There are 2 protein chains.
Amino acid sequence: MATAASPHSLMLKTPSTAAAAGSRTAFPVATRLPATAPKPISIKCAAATTQVQDPRPPAPAAAQERIFNFAAGPAVLPEKVLLKAQSELYVWRESGMSVMEMSHRGKDFTSIIQKAESDLRALLEIPPEYAVLFLQGGATTQFAAVPLNLCHPDDSVDYIVTGSWGDKAFKEAQKYCKAKVVWSGKAEKYTKIPSFEDVQQDPDAKFLHICANETIHGVEFKDYPVPKNKGGILVADMSSNFCSKPVDVSKFGVIYAGAQKNVGPSGVTIVIIRKDLIGNAQGITPVMLDYKIQAENASLYNTPPCYGIYMCGLVFEDLLEQGGLKEVEKKNKKKAELLYRAFDESKGFYRCPVEPSVRSLMNVPFTLEKSELEAEFIKEAAKEKMVQLKGHRSVGGMRASIYNAMPLAGVEKLVAFMRDFQARHA
Amino acid sequence: MATAASPHSLMLKTPSTAAAAGSRTAFPVATRLPATAPKPISIKCAAATTQVQDPRPPAPAAAQERIFNFAAGPAVLPEKVLLKAQSELYVWRESGMSVMEMSHRGKDFTSIIQKAESDLRALLEIPPEYAVLFLQGGATTQFAAVPLNLCHPDDSVDYIVTGSWGDKAFKEAQKYCKAKVVWSGKAEKYTKIPSFEDVQQDPDAKFLHICANETIHGVEFKDYPVPKNKGGILVADMSSNFCSKPVDVSKFGVIYAGAQKNVGPSGVTIVIIRKDLIGNAQGITPVMLDYKIQAENASLYNTPPCYGIYMCGLVFEDLLEQGGLKEVEKKNKKKAELLYRAFDESKGFYRCPVEPSVRSLMNVPFTLEKSELEAEFIKEAAKEKMVQLKGHRSVGGMRASIYNAMPLAGVEKLVAFMRDFQARHA
């Protein structure tokens, strides 16, 4: 075969790199063997000898101070979780390797993904007739996967659009079915949730879709519309309030969420779906977007985002240790109330555009009466180690995202800063 | 709106959790402020005070010994890279946060993804007329994305199938175009690469697709077929030999690879595509699979797998420090030759099914003459801290994956063990 070199010719072309490799791996030369060992020799695990020195990172310098991160996602993670992850990054338990190096089909990672799922099921009290999938591609991939799996091209589906994300979900769905907007908050700049009686649902729709919390506009469903379609199927994008409070999963056909707000790093998307809705994907559905394939393979049809799933598992553990989602919701309400009250008590210096009864507990957009001061506000806050307070580029102003992992102290500090800033600029 | 509670009623329902939150965040009570501070107060960054104690993980116990991991992917990563990642996990440089917590649009993550791309461009000498994308979903998602972006339903495309992965790519493509297998190694159990003269290519095909290295069967293209189609477009899945040796990118229209073999953790998929091939996606293409959308947004159309991209960047840095891909290839050839020679010198005790001229430098499948000893071989190797040597469930036998990050010492130890095992069981 003229098209390929033989291993022998490769051998001749290859200079020895043993020394380089040896030094790179800090492997004792003594354990290296001649390429042709004449007879059996005893073997000790030289690998162990690579770990006599302390492989820990250096003690943190002043530069390792943590700051308060109000980013909308990726967002702050619990310090406990980060420190646990750091302690296990190089070698996980007795495995001899990092979680990032584990076969996704080996017993160690199997235990990690199974515990992550069972802890999530405990947190949300997910009924057994629902499947839990750990996928990739973000909620934006689910904007396509949901209609591709739940309906055919001629089927109609209903979307309640309360912000940019619901609108994106609707637009993507138009590729795969007859998607219809049954209510839109656009005319009111996405500051409201409709009174459900005012929404004219199509009884022939395959599902009703909502975005449970709009990350950019800060409007959040406080309860959920009853789907009037024959199947009674409600689908919710819960990316930015997932696991921030208890949810009655049995009210939904599908819940999906990107992990990077409340439960982990970006790169993991969680889908909770009623099992009877699985198995009807359109023929054009990419195999990776087919819920049936993913459910049959327990999210392991191909290699899943293993490290991200591991991180989500650590967060689920932490949420359970905090007492579960009822306790987490109490803390989130406490934080949100502090912040919203500060607006209301500022006599108009700070303004939140969102209708009070549907203000998000997670994403808090606000503006200044004197908008020319907003850049200064963000700059001074950053000096005080409170960052990522700039509003989304599509709406401007400011936004404080106060997810599960934002400590009460962070919100207290922000509120104190706001009062101080107002006093100095009123 | 009867459907939502007002914030005031929420306030009344909410017990104080300041103490709990305070203890959870180790935040000094003194810095906590009354909800209604009467007048401006000075603010020091209390956040800093949370870091007086050493947040490092405990020193490693014996359990933190590293072992030799021959997994096919996710696979071994360079120790240097893991230790660097561990040292930065809790706080990245001066950012005050973990890479996992960074906004994907902030200046810190922007510097991380831009350096990852420029280092990858340097490693592979990627010409400026090629775009580099950091995506999600694994190569399996690209099995759909490639035909969705490069051709229309009536277009024909050619696939050379040299193993399971090429076959999966072909089957997925059938959903989106007229895919044809122009050569298959299946009858010979995927142990060969064709002589390119023997492959009858369709001049009207939109592209010719190959899998450059078959992870399961261990066959690797040593050079590449010249596409005979009008566009001259060659597409390659390089998942399991990406960045293991220099590649002339200009010979390809598209190169794609899952990161979890040679360059990072699972959850990142790298696509290198000639820019003139971007912008022709079929209407049914999910927005996340549309190369135009991803290229126009520099892989930031939605939140990318930030931490995985950061890890890939650390690996690219390490590969450059090693002297680039020419040096890396030398080390890989040295390791592979040691192992293949051991088979050839075992007088048939160990057998490699793959045709010698196309044996993979990355994935080395082998069997025992006495197949009843294979379970024992795997068990004894694991006792010697060499793990993941079991062959893929679809082919059985054994497989040693010896990616870039597998030290020469690991292969030397395996070869010594093989000789010892043979002497004891011959």
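Residues numbered from 1 in each chain as written. Chains lettered and ligands numbered in written order. Predicted model: local features only at pLDDT ≥ 70, side-chain atom pairs only at ≥ 80, totals over all residues. Heavy atoms only, no water.

## Notes on the overall build of chain A
Then step 1. When helices and strands are tallied, chain A shows twelve helices and twelve strands.
Then step 2. When contacts within chain A are restricted to residue pairs at least 6 apart in sequence, long-range pairs at least 24 apart make up 68% of them.
Then step 3. Surface accessibility of chain A: about 15500 Å² in total, with carbon and sulfur atoms responsible for 55%. (Helix = DSSP H or I, 4+ residues; strand = E, 2+ residues; numbered from the N terminus. Contact = heavy atoms within 4.5 Å. Areas by Shrake-Rupley, 256 points an atom, 1.4 Å probe, with all protein chains shown as cover.)

## What about the sheet that holds strand β8 (residues 269–274) of chain B?
All names here are of chain B.
Then step 1. Sheet architecture is open: seven strands sit in the order β2-β8-β7-β6-β5-β3-β4, paired in mixed fashion. Unpaired on one side and paired on the other, β2 (130–135) and β4 (178–184) mark the two borders of the sheet. Each adjacent strand pair in this sheet contributes to an overall mean axis angle of 20°, direction not counted.
Then step 2. Pairing between strand β7 (residues 254–258) and β8: five bridges, direction antiparallel. Its bridge partner lying in β8, V254 is registered against I273. (Pairing = 2+ DSSP bridges. Axes fitted to C-alpha atoms, helices over the stretch in contact; angles between N-to-C directions.)

## So, the sheet that holds strand β4 (residues 178–184) of chain A
The strands that make up a sheet pair up through hydrogen bonds in the backbone, lying either parallel or antiparallel.
Residues and elements named next belong to chain A.
Then step 1. If you walk across this open sheet you meet the seven strands as β2-β8-β7-β6-β5-β3-β4, and the pairing is mixed. Two strands in the sheet have a free side with no partner beyond their single neighbour: β2 (130–135) and β4. Across the sheet, the mean angle from the axis of one strand to that of its neighbour is 20°, orientation sign disregarded.
Then step 2. For strand β3 (residues 156–161) and β4, the ladder comprises six bridges, and the chain directions are parallel. When the sheet's bridge partners are listed, D158 is paired in β4 with K180.

## A look at the pairing of strand β5 (residues 208–211) of chain B
Residues and elements named next belong to chain B.
Then step 1. The side-chain alternation of β5 yields two buried faces, one formed by L208 and I210 and the other by H209 and C211.
Then step 2. For strand β3 (residues 156–161) and β5, the ladder comprises two bridges, and the chain directions are parallel. Residue pairing in the sheet places D158 in a bridge with L208 of β5.
Then step 3. Bridging between β5 and strand β6 (residues 234–237) involves four bridges; their strand directions are parallel. Its bridge partner being in β6, I210 is matched across the sheet by A236. (Buried < 20%, exposed > 50% of the residue type's maximum accessible area, 1.4 Å probe, protein only.)

## Here we look at the environment of D223 of chain B
Then step 1. Topologically, D223 of chain B is positioned in the loop between β5 and β6.
Then step 2. Separated by 24 residues in the primary sequence, D223 of chain B and V247 of chain B have C-alpha atoms spaced 9.3 Å apart.

## A short note on the nonpolar core
Then step 1. In terms of nonpolar packing, the biggest core is built from 210 residues, with F242, Y307 and F377 of chain A together with F242, Y307 and F377 of chain B touching the most fellow members.
Then step 2. Other than its neighbours up to four places away in sequence, Y307 of chain A contacts A85, L89, V99 and M100 of chain A together with L89, M100 and Y307 of chain B. (Core = buried A, V, L, I, M, F, W, Y, C linked by side-chain atoms within 4.5 Å.)

## Regarding the UniProt feature "domain: Aminotransferase class V" (unreviewed entry) in chain A
Then step 1. According to UniProt, the "domain: Aminotransferase class V" (unreviewed entry) feature falls on residues 67–414 of chain A.
Then step 2. Within the segment residues 67–414 of chain A, helix and strand shares are 32% and 16% respectively, and the terminal C-alpha atoms sit 12 Å apart. (UniProt positions renumbered as here; feature names shortened; annotations may be inferred.)

## Describing the domain arrangement of chain A
Residues and elements named next belong to chain A.
Then step 1. The domain architecture assigned to chain A consists of domain 1 (80–322) and domain 2 (324–424).
Then step 2. A separation of 27 Å is found between the C-alpha centroids of domain 1 and domain 2.
Then step 3. In this complex, domain 1 contributes 25 residues to the contact, which on the side of domain 2 involves 25 residues.
Then step 4. When domain 1 packs against domain 2, the two sides together hide about 2100 Å² of surface, and 57% of this comes from carbon and sulfur.
Then step 5. The tally of links from domain 1 across to domain 2 stands at zero salt bridges.
Then step 6. Linking domain 1 with domain 2 are 13 residue pairs in polar contact (both at pLDDT 80 or more).
Then step 7. For the side of domain 1 that touches domain 2, the elements supplying multiple residues, two or more each, are α5 (107–124) and α9 (306–321).
Then step 8. The class makeup of the residues in the side of domain 1 that touches domain 2 is nine nonpolar, ten polar and six charged. (Domains from an automatic or database assignment. Buried area = accessible area lost by both parts, 1.4 Å probe. Salt bridge = Lys/Arg side-chain N within 4 Å of Asp/Glu carboxyl O. Polar contact = N/O pair within 3.5 Å; in protein donor to acceptor, adjacent residues only side chain to side chain. Nonpolar A, V, L, I, M, F, W, Y, C, P; charged D, E, K, R; others polar.)

## Observations concerning the environment of V263 of chain A
Residues and elements named next belong to chain A.
Then step 1. Counting through the fold element by element, V263 comes out in the loop between β7 (254–258) and β8 (269–274).
Then step 2. Here the alpha-carbon distance between V263 and M311, two residues 48 residues apart in the chain, equals 8.0 Å.
Then step 3. Those residues within four positions of V263 in sequence are excluded, and the remaining contacts are F242, C243, I270, M311, C312, V315 and F316.

## Remarks on the packing of aromatic side chains
Then step 1. Per the stated rule, a full pass over the model turns up 33 aromatic pairs over all chains.
Then step 2. Between Y307 of chain A and Y307 of chain B, the ring centres sit 5.8 Å apart and the planes meet at 20°, which makes this aromatic pair stacked. Taken together, the residues span two chains, with Y307 of chain A in helix α9 and Y307 of chain B in helix α9 (residues 306–321).
Then step 3. Judged by its relative accessible area of 5%, Y307 of chain A is buried.
Then step 4. Considering the side-chain rings of F143 of chain B and Y256 of chain B, the 6.2 Å spacing of their centres and the 75° angle between planes classify their relative orientation as edge-to-face. Of the two residues, F143 of chain B is situated in helix α6 (residues 138–150) and Y256 of chain B in strand β7; the sequence distance between them amounts to 113 residues.
Then step 5. Looking at F143 of chain B, the relative accessible area reads 2%, which means it is buried.
Then step 6. Y256 of chain B gets classed as buried once you look at its relative accessible area, which sits at 0%.
Then step 7. One aromatic cluster is present, formed by Y340, F343, F349, Y350, F366, F377, F417 and F421 of chain A through successive ring pairs.
Then step 8. Here the basic side chain of R66 of chain A rests over the ring of Y90 of chain B, its NZ or CZ set 5.2 Å away from the ring centre.
Then step 9. K168 of chain A extends its terminal NZ or CZ atom over the ring of Y301 of chain B, reaching a point 4.9 Å from the ring centre. (Phe/Tyr/Trp six-rings, centres within 6.5 Å; stacked < 30°, edge-to-face > 60°. Lys NZ or Arg CZ within 6 Å of the ring centre and 35° of its normal.)

## What to know about the packing of helix α10 (residues 325–344) of chain B against helix α12 (residues 408–425) of chain B
Residue and element names in this part refer to chain B.
Then step 1. Here α10 crosses α12 at 5°, and the two axes come no closer than 9 Å. As the angle between them shows, α10 and α12 are arranged roughly parallel. Residue-level inspection shows K334, K335, L338, L339, A342 and F343 of α10 in contact with α12, the latter providing L408, V411, E412, L414, V415, M418 and R419.
Then step 2. Of the residues belonging to the contact of α10 with α12, the class tally is nine nonpolar, no polar and four charged. (Parallel < 35°, antiparallel > 145°, perpendicular 65-115°, else oblique.)

## Side note on the side chain of T140 of chain B
Then step 1. Tracing the backbone shows T140 of chain B in helix α6.
Then step 2. Since its relative accessible area comes to 5%, T140 of chain B is described here as buried.
Then step 3. Every residue in contact with T140 of chain B, bar those within four places of it in the chain, is listed here: V287, M288, Y301 and N302 of chain A together with W165 of chain B.

## Here's the deal with unusual backbone geometry
A negative phi holds for most residues other than glycine; trans holds for most peptide bonds.
Then step 1. For the bond from G73 of chain A to P74 of chain A, the omega torsion is -5°, close enough to zero to count as cis.
Then step 2. One non-glycine residue, S299 of chain A, adopts positive backbone phi at about 65°.
Then step 3. Tracing the backbone shows S299 of chain A in the loop between α8 (291–296) and α9.
Then step 4. With relative accessibility at 4%, the residue S299 of chain A sits in the buried group.
Then step 5. A positive phi angle, near 45°, is found at R93 of chain B, a position not held by glycine.
Then step 6. Inspection of the secondary structure assignment puts R93 of chain B in the loop between α4 (79–88) and α5 (107–124).

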